[in-house]
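# Examining the three-dimensional arrangement
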Amino acid sequence: MLRAGPHNSITDVPGIEVGHDTDDAALTGTTVILTREGAVAGVDVRGAAPGTRETDLLAPENLVQRVQAIVLSGGSAFGLDAAGGVMRYLEERGLGQSVGGGRVVPIVPAAVIFDLDVGSSAVRPGPEHGYRAAQNASSDCPAQGNVGAGTGARAGGLKGGLGCASLLLESGLAVGAIAVVNAFGRAHDPFTGELYGRSLGLPGEFQGLGVPADHGYRGSEDRDYRALFGDDTPLAGRNTTIGVIATNALLDKAQAGKLAQMAHDGLARALRPSHTMFDGDTLFALSTGERQVAGAGELAMLGAVAADTIARAVVSGMLSATSAGGLKSYCDSFPGVCGNRS
């Protein structure tokens, strides 16, 4: 039986904490994924318009082996400054790469989304936002939707958001995901209203979610592929879906990079189109290293699980989002479909 962890969140992976800092007025924010004991990390960038920090050091041939946090933020390239606040928080606690003399340098890769035209473009997450997000981090179930980096997200003309998901395997391996859904393409079929990733849900996961066709939403037989793009098509280049996949599997940096690579299949299943010239789609992978992986076959299975878990996190982000900044949420766009969702 496939089952989610108790939080159905990335925090179901032991050693992973999540914290948000949210500016509801400016519609922007920052999310930090903390791993105080450090975790082996990998990254895979598929979109052609990324905004990232400290991704080169995650290459297998480079020296640093472990990171202490990943930052996901709004604010476009300005939001990368939020990582500095997370570094300060970690340094104050002696957490980071030892450089001798009792000094540490916290390793904090980051990725950002463009949200400057959803709320106030004068407010961009900076070090103080990152510091507060780190202060708020815990292993509890994190808030989803219009919080942290998902506060000003959009997805194919609708309000996007931040979502989580997890899966526990009988072998003891755990996989958790967090995604900030800010895509150029859509998370739902524009002709039927159906969320693309819904079919990947675990038994009962999206219980109470109606079928758009049952509420009078039926697609046109004349499918025009231009409709796959949302109403924000003129905003090309102002997109990006970013996230983190975490596992308790023992992986090296090359294997973590492969896990991030395979997890991108989940974005392709839940967002259409994805990885465009106008997206900066970036996924990080974290390995806390508690359990051995039984060879390449189990690693391949882990990657397949990671892809589905990311796709489920995308669905959760869309369902948790609320209308804001002139953007209607999925649930407000399809009244009745979300009405019975528990």
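Presented here is an overview of the structure given in this document. Values in this document were obtained by computation on a predicted structure and should not be read as measured data. (Residues numbered from 1 in each chain as written. Predicted model: local features only at pLDDT ≥ 70, side-chain atom pairs only at ≥ 80, totals over all residues. Heavy atoms only, no water.)

### Focus on the nonpolar core
Residues Leu195, Ile245, Met318, Leu319 and Tyr330 are the most contacted members of the largest nonpolar core, which totals 46 residues. Looking at this core, the elements that each hand over two or more residues are β10 (162-168), β11 (174-180), β12 (242-249), α3 (253-270), β13 (282-291), α4 (295-320) and α5 (330-333). When residues of this core are assigned to their parent elements, the largest contribution, eleven residues, is made by α4. Setting aside its immediate chain neighbours within four residues, methionine 318 contacts Ala155, Leu158, Lys159, Gly160, Val181, Ala187, Leu195 and Tyr330. (Core = buried A, V, L, I, M, F, W, Y, C linked by side-chain atoms within 4.5 Å. Buried < 20%, exposed > 50% of the residue type's maximum accessible area, 1.4 Å probe, protein only. Helix = DSSP H or I, 4+ residues; strand = E, 2+ residues; numbered from the N terminus. Contact = heavy atoms within 4.5 Å.)

### Quick notes on the environment of serine 333
Here serine 333 shows up in helix α5. Along the primary structure serine 333 and alanine 83 are separated by 250 residues, whereas in three dimensions their C-alpha atoms are 35 Å apart. One polar contact links the side chain of serine 333 to the main-chain carbonyl oxygen of serine 329, over a distance of 2.8 Å. (Polar contact = N/O pair within 3.5 Å; in protein donor to acceptor, adjacent residues only side chain to side chain.)

### Brief notes about the pattern of salt bridges
In this structure the tally under the stated criterion is nine salt bridges. In this structure, arginine 312 and glutamate 205 form a salt bridge, with 2.8 Å as the shortest nitrogen-oxygen distance. With a gap of 107 residues between them, arginine 312 in helix α4 and glutamate 205 in the loop between β11 and β12 connect regions that are remote in the sequence. Just as arginine 312 is buried, glutamate 205 falls in that class too. Put simply, arginine 269 and aspartate 308 hold a salt bridge, and the shortest N to O gap is 2.6 Å. One end of the pair, arginine 269, is in helix α3; the other, aspartate 308, is in helix α4, with 39 residues separating them in the sequence. Arginine 269 sits in the partly exposed class, given a relative accessible area of 32%. Because the salt bridges share partners, they merge into one network encompassing Arg88, Glu92 and Arg93. (Salt bridge = Lys/Arg side-chain N within 4 Å of Asp/Glu carboxyl O.)

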